[in-house]
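# Overview (structure and organization)
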Amino acid sequence: MTEDMAEALIGAAEINAKQGLLNEKPKGGVICWWSGGITSAVACKLAIDLFGKDSCKVIMIDTQNEHEDTYRFKDDCEKWYDLTIEVITGVGGRYSSIQDVWEKHKSLNTATGAICSTQLKRGVREAWEKENPGFKHQVFGFEFEKKEFNRALGMTLNHGERVKAIYPLLLMGYDKKKCLEIVADAGINGALIVLNST
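Residues numbered from 1 in each chain as written. Predicted model: local features only at pLDDT ≥ 70, side-chain atom pairs only at ≥ 80, totals over all residues. Heavy atoms only, no water.

As enumerated under the stated definition, the model contains 0 disulfides in all. Cys 44 takes part in no disulfide bond, and the closest cysteine sulfur to it belongs to Cys 32, at a distance of 4.8 Å. The exposure class assigned to Cys 44 is buried, which follows from its relative accessible area of 0%. Cysteine Cys 77 remains unbridged, with the sulfur of Cys 44 as its closest cysteine sulfur at 8.0 Å. We classify Cys 77 as buried; its relative accessible area is 0%. (Disulfide = S-S within 2.5 Å. Buried < 20%, exposed > 50% of the residue type's maximum accessible area, 1.4 Å probe, protein only.)

Taking strand neighbours across the sheet as the criterion, the 5 strands line up as 3-2-1-6-7 in an open arrangement whose pairing is parallel. What marks the edges here is a single partner per strand, and that holds for strand 3 (85–88) and strand 7 (165–166). Taken together, the 4 bridges between strand 2 (residues 56–61) and strand 3 define a ladder with parallel strand orientation. What sits directly across from Val 58, in strand 3, is Ile 85. (Pairing = 2+ DSSP bridges. Helix = DSSP H or I, 4+ residues; strand = E, 2+ residues; numbered from the N terminus.)

The subject of this paragraph is a negative patch on the surface. A contiguous patch of negative charge, built from Glu 145, Asp 175, Glu 181 and Asp 185, is present on the exposed surface. For Glu 145, the location among the structural elements is in the loop between strand 6 (137–139) and helix 6 (146–163). Classification of Glu 145 by relative accessible area gives partly exposed; the value is 33%. (Patch = residues over 30% accessible without salt bridge, like charges linked within 9 Å, V, L, I, M, F, W, Y side chains within 5 Å. Areas by Shrake-Rupley, 256 points an atom, 1.4 Å probe, with all protein chains shown as cover. Salt bridge = Lys/Arg side-chain N within 4 Å of Asp/Glu carboxyl O. Lys, Arg positive; Asp, Glu negative; His and termini not counted. Charge placed at Lys NZ, Arg CZ, Asp CG, Glu CD.)

Here helix 2 (residues 38–51) crosses helix 8 (residues 176–185) at 65°, and the two axes come no closer than 9 Å. Taken as axis vectors, helix 2 and helix 8 run roughly perpendicular relative to one another. Note that helix 2 runs across helix 8; the crossing there is left-handed. On the side of helix 2, the interface is formed by Ile 38, Thr 39 and Val 42, while helix 8 contributes Lys 176, Cys 179, Leu 180, Ile 182 and Val 183. (Axes fitted to C-alpha atoms, helices over the stretch in contact; angles between N-to-C directions. Parallel < 35°, antiparallel > 145°, perpendicular 65-115°, else oblique. Left-handed = near helix turned anticlockwise from the far one by under 90°. Contact = heavy atoms within 4.5 Å.)

Laid out in C-alpha cells, this is it:
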C-alpha cells in the first residue's frame, strides 16, 4: 500500500466515522447521484445493497450533452439496480443548452472548474436539495484516490450538515479499476463509459 493510499484510507475512515455510518443504517431518504460514470454506478449499487432499494432514490442530472452510450449504460444500470434512475435537468430553465451556459458566462472554464458543471450539475443538485429537504444522506462516487479523498473531505467540511454525504467507494477502498471489474462482473459493458470519462 502506498503512502497516498494509506492517507486516503485513514481519511475515509474518519469521514465515515463522523457520519455514523459504521454504527447505524439510515432508513429512507438516501439519494444516490448517478453521473453516468463507472464510479458513480458502483457507488449507487453499494448504497442500494447497504440500505435497501426501498430506502434509495437514484438520480441523474442530465446536461443533455452526454455521450449517447451514457443512456445505454443508464438502462443497463436500472436493470442491475432493479430501480428506475430519475432524470432531472437544468436545461430548459435558465439555460437552453450547454452552449448557452458558455455564451452567457463568456467562459468554458473558471478557477472553480467548468462553468457548465457548476451551472448544469452542481447548481441543479443544490436546487434539488432545497426543494427536497427530507433526505437523510446523499451518495457520491468519489473513488479511492488521494484527489478524490480531498474532494470528499472538502465537501464534508464545507457542506456537511446540508449535503450529508456518503462515500461508499472510499469506505470500501474501491478505485476506478475495481469499479470497472464490478460492472464487468455484473455483465455490463462499461468500456465506452471509461473511455468517455478520462
